[in-house]
Amino acid sequence: MTIETAQQYLLESYGNGKKKGLEAMSQALGLLGNPQDDLKIIHVAGTNGKGSFCAMMAAILRESGLQTGCFISPHLEVFNERFTINNEMISDSDFAECISKVVEVSRAIFGDNDTFSYFEILTLVAFIYFQQKQVDICLLEVGIGGRLDSTNVIKSPLLSVIMSIGMDHMEILGDTVELIATEKAGIIKENCPVVLYPNDDLVYNIIADIAMSKNAKIHSARDIDLKVSKTTPQATFFSIYHEYFGTANIELNLVGQHQLQNASVVMAAAVALRDVGISIDAEHIKRGLSKVYWPGRMEIVNENPVIILEGAHNLQGAQAAAHSMKTLFADKEITLVMGIMEDKEYNEVVKTLVSPASKVVFTKPKYDFRAATPAALAEVLGRDAPKDMHIEDDCHMALQKAIEITDNKNGVIFCSGSLYLIGDLRSFVKEGLC
């Protein structure tokens, strides 16, 4: 199978493949020799912060000398981004080989006229690839939810990590934060340690109760004390105080208050790993966090004018992004470029992201299968719309418009909303087309 054939198979599954569920996933993995059972997995769920946790934890584990596989979603520009080992993406040939194995087992189970869903296929690829490459540790990010997610076929993870919980995917997970928290907690396994984000008491206690009912030891980020010394648009500097780790002047190459909270979970996970025999020392943490790279998240991709990419695609993410805009660029004039998917609860997201901006360009990703129209986004604001507001269906033209209306010295262009949009714009900027 060629890489082009593999990519076409995936794209067809996106439109045609229906989720088959955990029983079918287990059947397929059985035919593949149960590669997931050979992996030491850190399983990561949550509404926001999963990717940031994986990026930070992977960097620290690499500094600890461990070959670290990482499965994340979505990708920004190419499928290969979803599967990395020590920060290196899967090769086209390995990707195509893994897809061909998925095709074989899919045909064995469903015949020629059906297949697994898009995300189920990618999950199977992750297990096959990381087992073939014999990684020391695998960071496995949940797609949606937890309990019924395609990744939840693993029996005994090293750690189950549950990040920030908020309102997203309510049509699947439930329309209250309690229901969503319960679904996310579905990744917790009997006698397997759990690492918890410092969510509010309601959410935290729901998850903690589920963990205790399964005799799963809890490692709480609430026990981690971080003190910020300096924040810039490029990095955050802080110190950490814990019985295992006491380190000053840590540089984290991710910015925003939310990233400090995510970092506290990473610290708690490092403590939890010590309990299962994986030693991580303070120097590994310090070096790893200084090398973290997480594209499309408060990423500065251009200096003149300053262009920042931030994939804030739900309300919780939008609130964090707006806070970062207001604190990091208080003396700058902000131009917002925004597009989002129509199946998101986007009204409050729009209002939140627009609040720090004086100029707005609404657009949509070029991949527009589920995109809200720019006109629909503008309608959300009604009479509260800024005077300098523009609508551009083509996202590349939208960025060009933002550059045109933004002062190079005193302005910042902040691109946010759908990660599909961020991927489109990132490619556009990297190719020097703007």
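Presented here is an overview of the structure given in this document. (Residues numbered from 1 in each chain as written. Predicted model: local features only at pLDDT ≥ 70, side-chain atom pairs only at ≥ 80, totals over all residues. Heavy atoms only, no water.)

1. What to know about the overall build of the protein
Here is step 1: In terms of regular secondary structure, the protein is built from 15 helices and 17 strands.
Here is step 2: Scaling as 2.2 N^0.38, a compact globule of 434 residues should have a C-alpha radius of gyration of about 22 Å, and the protein matches this with 21 Å.
Here is step 3: With respect to the three principal axes, the spread of C-alpha positions in the protein is 60 × 55 × 40 Å.
Here is step 4: Long-range pairs, those at least 24 residues apart, make up 73% of the contacts in the protein with a sequence separation of at least 6.
Here is step 5: Of the roughly 17,700 Å² of accessible surface on the protein, 46% is carried by carbon and sulfur atoms.
Here is step 6: Distance between charge centroids for the protein: 3 Å, based on 38 positive and 55 negative side chains. (Helix = DSSP H or I, 4+ residues; strand = E, 2+ residues; numbered from the N terminus. Rg over C-alpha atoms; globule rule 2.2 N^0.38 Å. Contact = heavy atoms within 4.5 Å. Areas by Shrake-Rupley, 256 points an atom, 1.4 Å probe, with all protein chains shown as cover. Lys, Arg positive; Asp, Glu negative; His and termini not counted. Charge placed at Lys NZ, Arg CZ, Asp CG, Glu CD.)

2. Re the pairing of strand S9 (residues 225–231)
Here is step 1: Relative to strand S10 (residues 236–241), S9 is paired through 6 bridges, and the arrangement is antiparallel. Paired with Val228 across the strands is Phe238, a residue of S10.
Here is step 2: Here S9 hands over to S10 after 4 residues, the two strands then running antiparallel side by side. (Pairing = 2+ DSSP bridges.)

3. Considering the pattern of salt bridges
Here is step 1: Applying the stated criterion across every chain yields a total of 19 salt bridges.
Here is step 2: Here Glu333 and Lys359 are joined by a salt bridge, their closest N and O atoms 3.3 Å apart. With Glu333 in strand S14 (residues 333–339) and Lys359 in strand S15 (residues 359–362), this residue pair connects regions lying 26 residues apart in the sequence. (Salt bridge = Lys/Arg side-chain N within 4 Å of Asp/Glu carboxyl O.)

4. Observations regarding the sheet that holds S14
Here is step 1: Spatially, 6 strands are ordered S12-S13-S17-S14-S15-S16 in an open sheet, and the strand pairing comes out mixed. Either end of the sheet is taken by a strand with one partner, and the two such strands are strand S12 (299–303) and strand S16 (388–391). Mean inter-strand twist for the sheet, computed between neighbouring axes without regard to direction, equals 15 degrees.
Here is step 2: Note: S14 against S15, 4 bridges, orientation parallel. Across the sheet, the residue bridging to Leu336 is Val360, located in S15. (Axes fitted to C-alpha atoms, helices over the stretch in contact; angles between N-to-C directions.)

5. Things to note about the nonpolar core
Here is step 1: Among the nonpolar cores identified, the biggest contains 45 residues, and Ile42, Phe53, Met57 and Leu289 are the most heavily contacted of them.
Here is step 2: Elements with a contribution of two residues or more to this core: strand S1 (41–45), helix H3 (50–63), strand S5 (137–141), strand S6 (159–162), S10, strand S11 (246–252), helix H9 (257–275) and helix H10 (282–290).
Here is step 3: Per-element tally for this core: the top contributor is H9, with 10 residues.
Here is step 4: The residues contacting Leu289, other than those within four sequence positions of it, are Met56, Ile60, Phe238, Ile250, Glu251, Leu252, Asn253 and Met267.
Here is step 5: Listed in part, the 39 residues of the second largest apolar core include Ala6, Val103, Ala126 and Leu140. (Core = buried A, V, L, I, M, F, W, Y, C linked by side-chain atoms within 4.5 Å. Buried < 20%, exposed > 50% of the residue type's maximum accessible area, 1.4 Å probe, protein only.)

6. Structural notes on helix H11 (residues 315–328)
Here is step 1: Taking 1.5 Å of rise per residue, 14 residues should cover 20 Å, and H11 covers 20 Å from first to last C-alpha, within 8% of that figure.
Here is step 2: Every buried residue of H11 is accounted for by Gly317, Ala318, Ala320, Ala321, Ala322, Ser324, Met325 and Leu328.
Here is step 3: On its buried side, H11 packs onto S9, H9, strand S13 (306–310), S14, helix H12 (346–354) and strand S17 (411–417). (Expected span 1.5 Å × (residues − 1).)

7. A closer look at the side chain of Thr352
Here is step 1: Among the structural elements, Thr352 can be located in helix H12.
Here is step 2: Using a relative accessible area of 16% as the deciding quantity, one classes Thr352 as buried.
Here is step 3: A distance of 2.7 Å separates a polar side-chain atom of Thr352 from the backbone oxygen of Glu348.
Here is step 4: Apart from residues no more than four positions distant in its own chain, Thr352 is found in contact with Leu315, Ala318, Gln319 and Ala322. (Polar contact = N/O pair within 3.5 Å; in protein donor to acceptor, adjacent residues only side chain to side chain.)

8. Details of the sheet that holds strand S3 (residues 83–85)
Here is step 1: Within the open sheet, the 8 strands sit side by side as S4-S3-S2-S5-S1-S6-S7-S8. Their pairing is mixed. Only two strands of the sheet have a single neighbouring strand rather than two, namely strand S4 (88–89) and strand S8 (218–220).
Here is step 2: Strand contacts of H3: S1, strand S2 (68–71), S5 and S6, with the helix running at about 170 degrees to S5, the strand carrying the most contacts.

9. Notes on the environment of Pro35
Here is step 1: Summarising the element assignment, Pro35 is placed in the loop between helix H2 (22–31) and S1.
Here is step 2: Judged by relative accessible area, Pro35 falls into the buried class, the value being 4%.
Here is step 3: As for Pro35 and Leu124, which are separated by 89 residues in sequence, their C-alpha atoms are 9.2 Å apart.
Here is step 4: Beyond its immediate chain neighbours, meaning those up to four positions away, Pro35 contacts Leu29, Phe127, Ile128 and Gln131.

Nothing here speaks to function; it is geometry throughout.
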